[in-house]
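Listed here are the chains, written in short residue letters.
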2 protein chains.
Amino acid sequence: MPPFGLLHRRAWASLFGQLLRPSGLVCIGEVHFHSQGTRDLSPQQMVVREKILDMVIDCFKRHGAKRLDTPAFELKEMLTEKYGEDSGLIYDLKDQGGELLSLRYDLTVPFARYLAMNKVKRMKRYQVGKVWRRESPTIVQGRYREFCQCDFDIAGQFDPMIPDAECLKIMCEVLSGLQLGDFLIKVNDRRILDGILAVCAVPQSKFHAICSSIDKLDKIPWKDVRHEMVAKKGLAPEVADRIGDYVQRHGGVSLVEEMFQDSRLSQNKQALEGLGDLRLLFEYLTLFGIAEKISFDLSLARGLDYYTGVIYEAVLLQTPAQAEECLNVGSVAAGGRYDGLVGVFDPKGHTVPCVGLSIGVERIFAILEERMKTAGLKIRTTETQVFVATPQKNFLHERLKLISELWDAGIKAELLYKNNPKLLTQLHYCEHMGIPLVVIIGEQELKEGVIKLRSVASREEVAIKRENLVAEIQKKLSES
Amino acid sequence: MPPFGLLHRRAWASLFGQLLRPSGLVCIGEVHFHSQGTRDLSPQQMVVREKILDMVIDCFKRHGAKRLDTPAFELKEMLTEKYGEDSGLIYDLKDQGGELLSLRYDLTVPFARYLAMNKVKRMKRYQVGKVWRRESPTIVQGRYREFCQCDFDIAGQFDPMIPDAECLKIMCEVLSGLQLGDFLIKVNDRRILDGILAVCAVPQSKFHAICSSIDKLDKIPWKDVRHEMVAKKGLAPEVADRIGDYVQRHGGVSLVEEMFQDSRLSQNKQALEGLGDLRLLFEYLTLFGIAEKISFDLSLARGLDYYTGVIYEAVLLQTPAQAEECLNVGSVAAGGRYDGLVGVFDPKGHTVPCVGLSIGVERIFAILEERMKTAGLKIRTTETQVFVATPQKNFLHERLKLISELWDAGIKAELLYKNNPKLLTQLHYCEHMGIPLVVIIGEQELKEGVIKLRSVASREEVAIKRENLVAEIQKKLSES
């Protein structure tokens, strides 16, 4: 099989272009060396990861975002009461004297803290970084306790739904760009959900609990969700049935219009606000040419406490064959509007409306890794362009002088760390590593003031003048 | 002042090319929002940081390294007894049930753990990532509790000193490439230091304590170091004086030869091994053309426990004016050989010899940030190429359709999130943000099927056909 680098563009295209296969089990490494739910990323994995991150970051920059970075840990009090039921999953640091600290749980709360702390009223920013959650270590579907998030957010007071529509456009661009297969973005609004619960006569105190039941509708059927609502959460059966009439519905912009006509929902002020925003959102999504990727899904609830308006979640659609193997690949991107979070951090409660999205890159990594394995693609993990070899003994000095020249000219070069390596060992190394060029220096070459330049693929060798070495190599590299 | 992006190459060159100025005080942010010793990195800081990291990573790739990543936290037991006196600075995670974890203190120990765990016998890898140390929060010289390290290491059994010489070459390439001003790399060998202490009759039990005193010679004068040895660490005055005769010496390869002739040191087997390796090292460094950057410095000790052979540390040399302002800019890169560390993690004690280096990028960031402030350089924090504007009301739909086309063609584009923005506001935004091109659509253009393309710098406007928009913009961008 040809080494990856030699068919660079083609191989990547075929990697990204293949049909989706869910990743199944992911090995987490040996327990004795490693903390549960974390993992090292091998050079092979890092190449894929960086390729994906580059694509995501490119998209964020295309939309005018600046990059921000925040510390891995925050003051513990900054993270409390932001994540609802999930707060128990926050990693705390040990009290070693001084402040109480916690590892960040997402990139959204640190962003809101940054805006409040620096009194920033407008900002379009992206952040790429790790976050940590004490999830029970399930090892399916690429769920880890340490994982990478790629966030894009727009903060500021603007005319309604324009930034929200851009966030959905970005999700579409990223998912299309990565060629993960067909996808769908579910959209809902927290105010519509609240409106539904209100008109169905759910007591306010149970809103949270019932919402988290509704959120499970993408994983378990309605009758099980209904059972949970009635048996575990103490809802009257007829209230649950009323909820069921709403949350099992999904569709396009026509469903938004239908809900406007709904006799009960149209009496609820909050729901009407949400529906009005969704109507406007669909208008903009149509102009962006992505309306057909969007589904108004009344069961979408999203776990986090801080959302206040539109919420969304992208899921990959599976072929029937894939669906048989594994029920749910899960969401690969999600986000929403959180207009109150910055105000929580501001001493005077001044807030900055925000909307954003997060790309779930770990799942995307898992999918592409699996594809590579299936396709048996060999990926180059180094970028070395030239190998410095010799057929003779006692040529280390010449090799060192030569490679130093290459490095100084910015050429990526390697040699074997051996005084007297065999020529065959050196050439095998090049083939194994996918290094395209070899420069060979021996007694004959030294005498004649030349160097042999060999192409590993064709095995052709040409003699070139020692002083033209760098120029000739650069010419050769620019041709390929 | 012209926005940064418009004089991209020139501005960066002048930024990197200016004289070194030590960074002085660095603000750490407000205490109420932030844990001590950590900080957010603003978009301006992130642009500089990424530029530097790109240069460092480029160099690592030029030398054939693969990228590795390891988790932010390790099992606590993996980090204990690796860092000597500094072990108290390790951040532990709170025991929330399950394993005892600690945040990584450097990237070297996780690398050794990775090699042992995966039974890897040879690897040239780089890693870029944050590490955490509970330093007392001094805010001078860019010392933080969270900071970024860039590590390059070569693991494997090879012929002596070839990889070690390459590590020093890499340090030179990085420091020259960043144009930080003149620098020097101090080199010593742990075995020479041990030999000196032995022939000076220091009791073995005091080696560690005396070494850490010697290591302070770059910050305080010999008489104070001597005082510490005698008064605090209980060394006989004549023993301290004998040590002083050695450790105050530094020089080039000739000092290596001199030490070979030293009547006492030449009796010590360990010291002779170290001297032999240094002699060979200087031979290779000469071939790499960097011998004059290297100083054999008998006072260099390096704090970490795991070093077993050659050790090195790069310092920036200051002009007299700078030296007056601040005594010591500190080391900006360091490393050494650690042949025993992998064996500590291997159940059977099998080891893999390693040598490597770490670039202290935080100090480099601090220096370059200060330079930018002094030069008053304005840096573009976004890469937006085109702004979509309108002079008329009710043109949001047209703007959204248009910008969507640009995004889909991979063009970096922005608009204002406003239904009816003023044209002047839109043009000011472009000037403020350094966006080079504006496309303008209004009633007239819509009627004629054209778009106005405006250059922000020259204020020239040309009408182009709507259907040629993307092609014309791409042409324009490739010209600039």
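Residues numbered from 1 in each chain as written. Chains lettered and ligands numbered in written order. Predicted model: local features only at pLDDT ≥ 70, side-chain atom pairs only at ≥ 80, totals over all residues. Heavy atoms only, no water.

Caption draft 1: View of the state of the cysteines. Residue and element names in this part refer to chain B. In total, this model carries 0 disulfides over all chains according to the counting rule given. The thiol of Cys59 is not disulfide-bonded; the next cysteine sulfur, from Cys172, is found 10.0 Å away. Its sulfur unpaired, Cys200 is 12 Å from the next cysteine sulfur, which belongs to Cys211. (Disulfide = S-S within 2.5 Å.)

Caption draft 2: Spotlight on the interface of chain A and chain B. With 86 residues of chain A in contact, the opposing surface of chain B contributes 87 residues. Interface of chain A and chain B: buried area, both sides summed, is about 8100 Å²; carbon and sulfur atoms make up 58% of it. The tally of links from chain A across to chain B stands at 14 salt bridges. Glu414 of chain B is paired through a salt bridge with Lys124 of chain A; the nearest N and O atoms lie 3.1 Å apart. The interface formed by chain A and chain B includes 44 residue pairs in polar contact (both at pLDDT 80 or more). Examining the composition of the side of chain A that touches chain B, we find that 8 residues originate from one element, helix 15 (residues 396-408) of chain A, more than from any other. (Contact = heavy atoms within 4.5 Å. Buried area = accessible area lost by both parts, 1.4 Å probe. Salt bridge = Lys/Arg side-chain N within 4 Å of Asp/Glu carboxyl O. Polar contact = N/O pair within 3.5 Å; in protein donor to acceptor, adjacent residues only side chain to side chain. Helix = DSSP H or I, 4+ residues; strand = E, 2+ residues; numbered from the N terminus.)

Caption draft 3: Main features of the pairing of strand 8 (residues 294-297) of chain B. Residue and element names in this part refer to chain B. Both faces of strand 8 are covered, namely the face carrying Ile294 and Phe296 and the face carrying Ser295 and Asp297. With 3 bridges connecting them, strand 6 (residues 183-189) and strand 8 associate as parallel partners. From the neighbouring strand, Val187 faces strand 8, where its bridge partner is Phe296. Bridging between strand 7 (residues 250-251) and strand 8 involves 2 bridges; their strand directions are antiparallel. Counted as the bridge partner of Gly251 is Phe296 from strand 8. (Buried < 20%, exposed > 50% of the residue type's maximum accessible area, 1.4 Å probe, protein only. Pairing = 2+ DSSP bridges.)

Caption draft 4: Just the packing of aromatic side chains, in detail. What the rule picks out here adds up to 20 aromatic pairs over all chains. For the ring pair Phe387 of chain A and Tyr429 of chain A, a centre distance of 5.5 Å and an interplane angle of 45 degrees mean the geometry is tilted. Placement of the pair is Phe387 of chain A in strand 12 (residues 386-389) and Tyr429 of chain A in helix 16 (residues 423-433), with a sequence separation of 42 residues. Centroid distance Tyr83 of chain B to Tyr105 of chain B: 4.4 Å. Interplanar angle 50 degrees. Geometry classified as tilted. Of the two residues, Tyr83 of chain B sits in the loop between helix 3 (76-79) and strand 3 (101-103) while Tyr105 of chain B sits in the loop between strand 3 and helix 4 (108-117), which places them 22 residues apart along the sequence. Put simply, the rings of Tyr83, Tyr105, Tyr306, Tyr307 and Tyr338 of chain A touch in pairs and so form one group of aromatic residues. Over the ring of Phe183 of chain A we find Lys293 of chain A, and its NZ or CZ is 4.6 Å from the ring centre. Sitting over the face of the ring of Phe111 of chain B, Arg125 of chain B holds its NZ or CZ atom 4.1 Å from the ring centroid. (Phe/Tyr/Trp six-rings, centres within 6.5 Å; stacked < 30°, edge-to-face > 60°. Lys NZ or Arg CZ within 6 Å of the ring centre and 35° of its normal.)

Caption draft 5: Fine view of the UniProt feature "binding site: L-histidine" (unreviewed entry) in chain A. Residues and elements named next belong to chain A. Mapped onto this numbering, the UniProt entry gives "binding site: L-histidine" (unreviewed entry) at Asp106, Leu107, Thr108, Arg133, Gln149, Asp153, Arg302, Tyr306 and Tyr307. Assignment of secondary structure puts Leu107 in the loop between strand 3 (101-103) and helix 4 (108-117). The buried category is assigned to Leu107, whose relative accessible area is 0%. Counting through the fold element by element, Asp153 comes out in strand 5 (residues 146-155). Judged by its relative accessible area of 2%, Asp153 is buried. Every residue in contact with Asp153, bar those within four places of it in the chain, is listed here: Phe111, Met123, Lys124, Arg125, Tyr338, Val355, Gly356 and Leu357. Reaching out from Asp153, the side chain makes a polar contact with the side chain of Arg125 at a distance of 2.8 Å. (UniProt positions renumbered as here; feature names shortened; annotations may be inferred.)

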